[in-house]
Amino acid sequence: MLYKLTISPYSSFSYPIQSDTLFGAFCWSYKYLYGTEKLEEFLEICITQKPPIIFSNMFFQNMLPIPLYALNKIKNNDYGKDLEKYKKIKKINKNSVLPKQIFLQVLENNYENIVDNIKLPKLYIQIETHNMVSRDTNIVDNIDGSGSLYSIDTYYSKVNFDIYILCEDEIMKYMPVLEIMFELGIGGKKSTGKGGFKIIKKPAIEQELIKNFENANGFVSISNFIPDKIDPTNGYYSIISKFPKLDREFANSETPFKKPLAMIEAGSCFYYSLKRDYCGVCLDNISSLYKKIMINGCGIAIPMCLDEDNN
């Protein structure tokens, strides 16, 4: 079953917050509530079967990513004679989104007025300067004469965010985990109070996004995902390289980084004749120090109608 919940930030946060980050935070909260043994049982199910829970990326409320198939269609149309539409297309980037109602229209292979409805929601950015702490001495060092200051961008938002959850069980079973997960923080710099969210709308069944399931000949992912060997390759997609880091008590270990990953980005579209509500695969053994750590590389697949002549 597909659900949607809405969250509101009460602190600054790292951006973007993506599906694998949300799943990692979920697992830490699951461990705090039920213990390491129960978490390992849960992760074993994820590796050997369909994961019990799969997250989308985090989106501005009532917004969803532009399907790359739609982006390809509007860029290939003759907008050369329409200067204003050409200017709008030139401004489209990976953070651009569509209102949900326009996204639903695109799922049915209808691209009317799509250019006029593309949005680039505003985030407020603040640059913070920090001291660089040595891993060896745990204090601010300047032994080699280099600078000991560095800057990071922190983000603020006046609007809320939606997250979609594909869940095999009744979602309320996981509500205690979800509540702790958002309270503890999502993304980087949680130890300094960042990434705090509160749930303002509990998960509700999402019907609109899956109403075309029977008529679809493809799908669009609303999560980043790692392709499985059975996943399709014919489509429109973009790839992101990620260098994920271990979290919580593992963050200060000798080797705090997971193995580099290549993921298909949310908004990617594929032709697919079979009916499947998710794509991708979970991977374990992604840390050289901790063999049981895994990443959920599965994504939520939303059914979509694509032009047959491009298949």
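Residues numbered from 1 in each chain as written. Predicted model: local features only at pLDDT ≥ 70, side-chain atom pairs only at ≥ 80, totals over all residues. Heavy atoms only, no water.

Trainee: Which residues make up the overall build of the protein chain, and what values do they have?
Mentor: Per the secondary structure count, the protein chain includes seven helices and 16 strands. With the principal axes as the frame, the protein chain shows a C-alpha extent of 60 × 45 × 35 Å. Counting only residues that meet the buried cut, the protein chain has 49% of its 311 residues in that class. Within the protein chain, counting contacts between residues at least 6 apart in sequence, those at least 24 apart form 78% of the total. Looking at the protein chain as shown, the accessible area adds up to about 15,900 Å², and 50% of this sits on carbon and sulfur atoms. Once the 36 positive and 36 negative side-chain charges of the protein chain are each reduced to a mean point, those two points are 5 Å apart. (Helix = DSSP H or I, 4+ residues; strand = E, 2+ residues; numbered from the N terminus. Buried < 20%, exposed > 50% of the residue type's maximum accessible area, 1.4 Å probe, protein only. Contact = heavy atoms within 4.5 Å. Areas by Shrake-Rupley, 256 points an atom, 1.4 Å probe, with all protein chains shown as cover. Lys, Arg positive; Asp, Glu negative; His and termini not counted. Charge placed at Lys NZ, Arg CZ, Asp CG, Glu CD.)

Trainee: For the pattern of salt bridges, give the residues involved together with the corresponding values.
Mentor: When their charged atoms lie close together, side chains carrying opposite charge are able to pair. Applying the stated rule across the entire model yields 11 salt bridges. A salt bridge links lysine 50 to glutamate 168; the shortest N-O distance between them is 2.9 Å. Taken together, the residues lysine 50 in the loop between helix H2 (36-48) and strand E2 (53-55) and glutamate 168 in the loop between strand E8 (161-167) and helix H7 (175-184) connect sequence positions 118 residues apart. The partner of lysine 173 in a salt bridge is aspartate 169, with the nearest N and O atoms 3.4 Å apart. Accessibility expressed as a relative area gives 48% for lysine 173, which makes it partly exposed. Residues joined by salt bridges that share partners form a network here, namely Lys50, Glu168 and Asp277. (Salt bridge = Lys/Arg side-chain N within 4 Å of Asp/Glu carboxyl O.)

Trainee: Which residues make up helix H3 (residues 68-76), and what values go with them?
Mentor: Of the residues making up H3, those classed as buried are Tyr69, Ala70, Leu71 and Ile74. Looking at the buried side of H3, the elements it contacts are helix H4 (83-90), helix H5 (100-107), helix H6 (114-117), strand E11 (235-236), strand E14 (269-271) and strand E16 (294-304).

Trainee: Mind laying out the sheet that holds E16, listing which residues take part and the relevant values?
Mentor: Sheet architecture is open: five strands sit in the order E11-E14-E10-E16-E15, paired in antiparallel fashion. This sheet does not close on itself; its edge strands, each paired only once, are E11 and strand E15 (278-284). Here strand E10 (residues 218-221) pairs with E16 via four bridges, running antiparallel. The partner of phenylalanine 219 across the bridge, within E16, is proline 303. (Pairing = 2+ DSSP bridges.)

Trainee: With reference to specific residues and values, describe the nonpolar core.
Mentor: Phe26, Phe42, Phe55 and Ile114 are the most contacted members of the largest nonpolar core, which has 72 residues in total. Apart from residues lying up to four places away in sequence, phenylalanine 42 is in contact with Phe23, Phe26, Cys27, Tyr30, Pro52, Ile53 and Tyr174. Formed by eight residues, the second largest nonpolar core is a distinct cluster that contains Leu246, Leu261, Ile293 and Ile295. (Core = buried A, V, L, I, M, F, W, Y, C linked by side-chain atoms within 4.5 Å.)

Trainee: Describe the packing of aromatic side chains, and please don't skip the residues or the numbers.
Mentor: Inspection of every chain in the model, using the stated rule, returns 20 aromatic pairs. With 4.9 Å between their ring centres and 65 degrees between their planes, tyrosine 30 and tyrosine 34 make a pair best called edge-to-face. Of the two residues, tyrosine 30 and tyrosine 34 both sit in helix H1 (residues 19-34), four residues apart, roughly one turn of that helix. Note on phenylalanine 219 and phenylalanine 270: the rings are 5.7 Å apart at their centroids and 35 degrees apart in plane angle, and the pair reads as tilted. Of the two residues, phenylalanine 219 sits in strand E10 while phenylalanine 270 sits in strand E14, which places them 51 residues apart along the sequence. (Phe/Tyr/Trp six-rings, centres within 6.5 Å; stacked < 30°, edge-to-face > 60°.)

Trainee: Give me the environment of serine 151: which residues, what numbers.
Mentor: In this fold, serine 151 is placed in strand E7 (residues 149-156). Owing to a relative accessible area of 47%, serine 151 belongs among the partly exposed residues under this scheme.

Trainee: How would you explain the packing of H1 against H2 if you had to name every residue and give the values?
Mentor: One can describe the packing of H1 onto H2 by two numbers: an axis separation of 7 Å at closest approach and a directional angle of 140 degrees. The residues of H2 that touch H1, namely those facing Phe23, Phe26, Cys27, Tyr30, Lys31 and Tyr34, are Thr36, Lys38, Leu39, Phe42, Leu43 and Cys46. Here the contact of H1 with H2 is composed, by residue class, of nine nonpolar, one polar and two charged. (Axes fitted to C-alpha atoms, helices over the stretch in contact; angles between N-to-C directions. Nonpolar A, V, L, I, M, F, W, Y, C, P; charged D, E, K, R; others polar.)

Trainee: I'd love a proper account of the packing of H1 against H7, names of residues and values included.
Mentor: Where H1 contacts H7, the two axes come as close as 8 Å, and the packing angle between them is 115 degrees. The orientation of H1 with respect to H7, classified from their angle, is roughly perpendicular. For the crossing formed where H1 meets H7, the hand is right-handed. Contact residues: Leu22, Ala25, Phe26, Ser29, Tyr30, Tyr32, Leu33 and Tyr34 in H1; Pro176, Val177, Leu178, Ile180, Met181, Phe182 and Leu184 in H7. Of the residues assigned to the contact of H1 with H7, the class counts are 14 nonpolar, one polar and no charged. (Parallel < 35°, antiparallel > 145°, perpendicular 65-115°, else oblique. Left-handed = near helix turned anticlockwise from the far one by under 90°.)

Trainee: Any chance you could break down the environment of proline 9 for me, citing the residues and the numbers?
Mentor: Relative to the helices and strands, proline 9 is located in strand E1 (residues 2-9). Separated by 151 residues in sequence, proline 9 and asparagine 160 have C-alpha atoms that sit 7.0 Å apart. Every residue in contact with proline 9, bar those within four places of it in the chain, is listed here: Ser157, Val159, Phe161, Gly196 and Phe197.

These figures capture arrangement, not role.
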